[in-house]
Amino acid sequence: MNEAGDILKTELAAMRSEFSSHMTAVQNMCSKVDFLIGEQREQKKVINEHTGRLDALEQQVIDLQDCSRRSNLHLLGLPEGSEKDDPISFLKRSLPRWLPSLSGKDIEIERAHRVYSRASTDHSKPRVFLFKLLRYNDRNLILNEARRHSPVKANDGAMLSFFPDFSPATAKKRSSFSIIRKELKEAGLQTFLQYPATLKIVMKHGETKLMHLPDEARQFLSSMPSTHSPEMDVA
């Protein structure tokens, strides 16, 4: 009996020792896991900080690009070759013809040229005509007069459209409102796009709404009763 008890005690002691060694190993592993979790948290914090800085820098680049383009205008619909070899002189002669209220205005143009668009697959359409004005106020004047004289036609009857020039990122945000703006116009609501890409909706009674996302504007349109009469949309 004593011999069996001694054997049992020996085995229990061995089991305790083995269990203790396993517990030590588990505790070491837990400590390493805690350390790794802490490291992961710190790394995630650093990544978030870097991501925030990168987003801020990207926005600064976009703002700089938009600023450098603020005096530019896109002219759409001008038939190819109309400007011949002197696009600046052509524009100076043609702008007062297209927009009579510009007659007598000293509008200075720094450069003008055609640009290609990789997104466009319709080669039958004339390329966009881009021109840079010396003064930002002249850019706004042309845009305002183009709206006032709409539709603007070239000498050969071609329909012309003037648009501001923005960075690709800003242009993409603004173009995302195209479909909902058309739907709002059909519902009789007047819309404007404020810089960089905020949709301003003018109600019939003069109240205005600002929408920062197309889905937000679509939800607003869905909530409106369809009792508006069509009004002219302003680009």
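Calculation notes
- Residue numbering note: each chain is counted from 1, following its sequence as written.
- Only residues with pLDDT of at least 70 get local features here, since the model is predicted, and only at 80 or more are side-chain atom pairs given and counted; chain-wide, interface and lining totals rely on the full set of residues.
- Excluded from the side-chain calculation are hydrogens and water; included are all heavy atoms of the structure.
- Each helix is a run of H or I in the DSSP string that is no shorter than four residues. Each strand is a run of E no shorter than two, and both are numbered from the N terminus.
- Each residue gets one of three labels from its accessible area relative to the maximum for its type: buried under 20%, exposed over 50%, partly exposed in between, using a 1.4 Å probe on protein chains only.
- Residues count as neighbours in contact if any of their non-hydrogen atoms are within 4.5 Å of one another.
- Any two strands with at least two DSSP-identified bridges between them are counted as paired.
- Buried residues of nine kinds, namely Ala, Val, Leu, Ile, Met, Phe, Trp, Tyr and Cys, make up a nonpolar core once their side-chain atoms join them within 4.5 Å.
- A pair of aromatic rings is counted whenever rings of Phe, Tyr or Trp (Trp by its six-membered ring) have centres within 6.5 Å, and the orientation is called stacked for planes under 30 degrees apart, edge-to-face for over 60 and tilted otherwise.
- Cation placement over rings: the criterion is NZ of Lys or CZ of Arg within 6 Å of the ring centroid and within 35° of the ring normal.
- UniProt positions are given in the numbering used here, feature names are shortened, and annotations may be inferred rather than shown by experiment.

Colleague: Can you help me understand the side chain of Ser 71 in this one?
Modeller: On the secondary structure map, Ser 71 appears in the loop between α1 (2-68) and β1 (72-76). The buried category is assigned to Ser 71, whose relative accessible area is 8%. Those residues within four positions of Ser 71 in sequence are excluded, and the remaining contacts are Phe 131, Lys 132, Leu 133, Arg 135, Tyr 136 and Arg 139.

Colleague: Would you take a moment to explain the pairing of strand β3 (residues 128-133) for this structure?
Modeller: One face of the sheet, then the other: side chains in a regular strand alternate in exactly this way. Among the six residues of β3, five are classified as buried, and the element is accordingly described as predominantly covered. Taken together, the four bridges between β1 and β3 define a ladder with antiparallel strand orientation. The residue of β3 that forms the bridge with Leu 75 is Phe 129.

Colleague: Explain the nonpolar core to me, please; I cannot follow it from the model alone.
Modeller: Generally speaking, soluble globular proteins have nonpolar side chains that are buried together. Counting residues in hydrophobic clusters, the biggest one holds 23 residues, and the most contacted among them are Leu 75, Leu 91, Trp 98, Phe 131, Ile 142 and Phe 162. When contributions to this core are tallied by element, the ones reaching two or more residues are β1, α2 (87-98), β2 (109-115), β3, α3 (136-148) and β5 (159-164). In terms of residue count, the dominant contributor to this core is α2 (four residues). When sequence neighbours within four positions are dropped, the list of residues in contact with Ile 142 reads Leu 73, Leu 95, Leu 99, Leu 102, Ile 107, Phe 131, Leu 133 and Phe 162. By size, the runner-up hydrophobic cluster in this structure holds 13 residues, among which are Ile 180, Leu 184, Leu 189 and Phe 220.

Colleague: Please explain the environment of Glu 3 as it appears in this structure.
Modeller: Counting through the fold element by element, Glu 3 comes out in helix α1. Each C-alpha atom, one on Glu 3 and one on Pro 79, is 111 Å from the other, the two residues being 76 residues apart in sequence.

Colleague: Explanation requested: the packing of aromatic side chains in the structure shown.
Modeller: How two aromatic rings sit relative to each other is set out by the distance from centre to centre and by the angle between their planes. By the definition in use, this model includes four aromatic pairs. Arranged with centres 6.5 Å apart and planes meeting at 45°, the rings of Phe 129 and Phe 131 form a pair that is tilted. Pair check on accessibility: Phe 129 and Phe 131 agree, each one buried. Among the aromatic side chains, those forming a connected cluster through ring pairs are Phe 90, Trp 98 and Phe 162. Its guanidinium or amino end placed over the ring of Tyr 136, Arg 70 lies 3.8 Å from that ring's centre, counting from NZ or CZ. Note that Arg 127 overlies the ring of Tyr 116, its terminal NZ or CZ placed 4.8 Å from the centroid.

Colleague: Sorry, what's going on with the UniProt feature "coiled-coil region" (unreviewed entry) in the protein here?
Modeller: UniProt marks residues 40-67 with the feature "coiled-coil region" (unreviewed entry), using the numbering shown here. A helix fraction of 100% and a strand fraction of 0% characterise residues 40-67, whose end C-alpha atoms lie 40 Å from each other.

Colleague: I keep staring at the pairing of strand β8 (residues 208-211) and nothing clicks. Help me out?
Modeller: Sheet analysis places strand β7 (residues 198-202) next to β8, joined by four bridges and oriented antiparallel. The partner of Val 202 across the bridge, within β8, is Thr 208. Adjacent in sequence and paired antiparallel, β7 and β8 are bridged by five residues, among which Gly 206 carries a positive phi angle near 100°.

Colleague: Would you mind showing me how to read unusual backbone geometry here?
Modeller: Excluding glycine, a negative phi dihedral is what most residues carry, and trans is how most peptide bonds are arranged. A cis amide bond links Ser 150 with the next residue in sequence, Pro 151, at an omega value of 0°. The topology assignment puts Pro 151 in the loop between α3 and β4 (152-153). Residue Pro 196 follows Tyr 195 across a cis peptide bond; omega there is 0°. Structurally, the position occupied by Pro 196 is in the loop between β6 (190-194) and β7. Positive phi, normally seen in glycine, also occurs at Lys 84, with a value near 55°. In this fold, Lys 84 is placed in the loop between β1 and α2. The exposed category is assigned to Lys 84, whose relative accessible area is 69%.

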